[in-house]
Amino acid sequence: DGTEDGAAFDATAVTIGNTAPTTPSIAISPSSPITETDDLYCEVIGESTDADADTVSYSFMWTRDGTTWTGTVDTITHTGDTISMSETGYEEAWLCIVTPSDGSLDGTSAVDSVVTSCEVLTWYADTDGDGYGDDFDVLEQCDEPSGYVSTGGDCVPDDSSLVDCPSDGDSD
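Residues numbered from 1 in each chain as written. Predicted model: local features only at pLDDT ≥ 70, side-chain atom pairs only at ≥ 80, totals over all residues. Heavy atoms only, no water.

## With respect to the overall build of the protein chain
So, point 1. Looking only at helices and strands, the protein chain has zero helices and 10 strands in total.
So, point 2. Written out in order from the N terminus, the α and β elements of the protein chain read β-β-β-β-β-β-β-β-β-β.
So, point 3. Once the C-alpha set of the protein chain is aligned to its principal axes, its extents read approximately 120 × 25 × 20 Å.
So, point 4. Looking at the 172 residues of the protein chain, the share that counts as buried comes to 31%.
So, point 5. Within the protein chain, residue pairs in contact and separated by at least 24 positions form 50% of the contacts whose partners lie at least 6 positions apart.
So, point 6. Entry remark: accessible area of the protein chain is about 10,700 Å², with carbon and sulfur atoms responsible for 47%. (Helix = DSSP H or I, 4+ residues; strand = E, 2+ residues; numbered from the N terminus. Buried < 20%, exposed > 50% of the residue type's maximum accessible area, 1.4 Å probe, protein only. Contact = heavy atoms within 4.5 Å. Areas by Shrake-Rupley, 256 points an atom, 1.4 Å probe, with all protein chains shown as cover.)

Listed below in structure tokens is the structure:
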């Protein structure tokens, strides 16, 4: 107590440790996203745990075709867990990397990936430029090719003044 000398006491040192959180389980949904139709949502489907009962938070990082995404991210549940459909392009490989942290230590990151695809559409050749295409000259692909339109039904594809088909099916 500082006023009298007493018997010496040997104490064993106690080390207080910290353990990193466990790896979360994650999934990007949808698993087969359509370009410019589906947002990419990276969901934590299995929470991390921390042996020390510390609160666990998550950081999200995205890559597109192997390059770190520095564009806009949105939030559904956790900051940065969503990429807007307007940011996606055809046949892009997207990775979501989620790292758990207890505020002192980061745990092992979880990774999931998807590849965007497109909605295949039917395009009709518009050889006369009237905005209607030839039902017998079509392409099936994602993006509108030059000289094609999305509306068929041009019975006279070489004459822009005739769009409607006569009732007898004859072009005269």
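## Structural notes on the sheet that holds strand β1 (residues 25-29)
So, point 1. Strand order in the open sheet made by the three strands is β1-β2-β5, with antiparallel pairing throughout. Sheet topology places β1 and β5 (82-83) at the edges, where each strand pairs with a single neighbour.
So, point 2. The pairing of β1 with strand β2 (residues 40-46) spans five bridges and is antiparallel. Opposite serine 29, over in β2, you have tyrosine 41 as the bridge partner. (Pairing = 2+ DSSP bridges.)

## Some remarks on the sheet that holds strand β10 (residues 148-149)
So, point 1. Strands sit in the order β9-β8-β10 across an open sheet of three strands; the sheet is antiparallel. Looking at which strands have only one partner, the edges of the open sheet turn out to be β9 (134-141) and β10.

## Observations regarding the side chain of glutamate 92
So, point 1. Relative to the helices and strands, glutamate 92 is located in the loop between β5 and β6 (93-101).
So, point 2. You can call glutamate 92 buried: its relative accessible area is 11%.
So, point 3. From its side chain, glutamate 92 meets the backbone nitrogen of glycine 89 in a polar contact 2.7 Å long.
So, point 4. Within the structure, glutamate 92 has its side chain in polar contact with the side chain of tryptophan 94 (distance 3.0 Å).
So, point 5. Filtering out sequence-adjacent residues up to four positions away, glutamate 92 remains in contact with Arg64, Asp65, Glu87, Val114, Val115 and Thr116. (Polar contact = N/O pair within 3.5 Å; in protein donor to acceptor, adjacent residues only side chain to side chain.)

## A word on the pairing of β6
So, point 1. Within β6, seven of the nine residues are buried, which leaves the element mostly enclosed by the surrounding structure.
So, point 2. With eight bridges connecting them, strand β3 (residues 57-64) and β6 associate as antiparallel partners. Counterpart to tyrosine 58 in the pairing with β6 is proline 100.
So, point 3. Looking at chain direction, β6 and strand β7 (residues 110-115) are connected through six bridges and run antiparallel.

## Some points on the nonpolar core
So, point 1. Counting 15 residues, the largest nonpolar core has Cys42, Trp62, Cys96 and Val98 as its most contacted members.
So, point 2. Those elements giving two or more residues to this core turn out to be β1, β2, β3, β6 and β7. (Core = buried A, V, L, I, M, F, W, Y, C linked by side-chain atoms within 4.5 Å.)

## Details of the confidence of the model for the protein chain
So, point 1. Within the protein chain, residue pLDDT values average 88, and 92% of them lie at 70 or more.
So, point 2. Within the model, pLDDT remains below 50 along residues 168-172, and this stretch shows four contacts once partners closer than five positions in the same chain are excluded. (pLDDT = per-residue confidence, 0-100.)

## Describing unusual backbone geometry
So, point 1. The residue after serine 29, namely proline 30, is reached through a cis peptide bond having omega 0 degrees.
So, point 2. Of note, proline 30 is situated in the loop between β1 and β2.
So, point 3. Residue aspartate 65 is not a glycine yet carries a positive backbone phi of 50 degrees.
So, point 4. Residue placement: aspartate 65 occurs in the loop between β3 and β4 (67-68).
So, point 5. Residue classification places aspartate 65 among the partly exposed residues on the basis of a relative accessible area of 48%.

## Quick look at the packing of aromatic side chains
So, point 1. Taken as a whole and assessed by the stated rule, the structure comprises two aromatic pairs.
So, point 2. Relative to tryptophan 94, the ring of tryptophan 62 has its centre 6.2 Å away and its plane inclined at 75 degrees; by these criteria the two rings are edge-to-face. Residue tryptophan 62 is found in strand β3, and its partner tryptophan 94 is found in strand β6; the two are separated by 32 residues along the sequence.
So, point 3. Overall, tryptophan 62 belongs to the buried group, its relative accessible area being 2%.
So, point 4. An aromatic cluster is built from Trp62, Trp69 and Trp94, whose rings are joined through pairwise contacts. (Phe/Tyr/Trp six-rings, centres within 6.5 Å; stacked < 30°, edge-to-face > 60°.)

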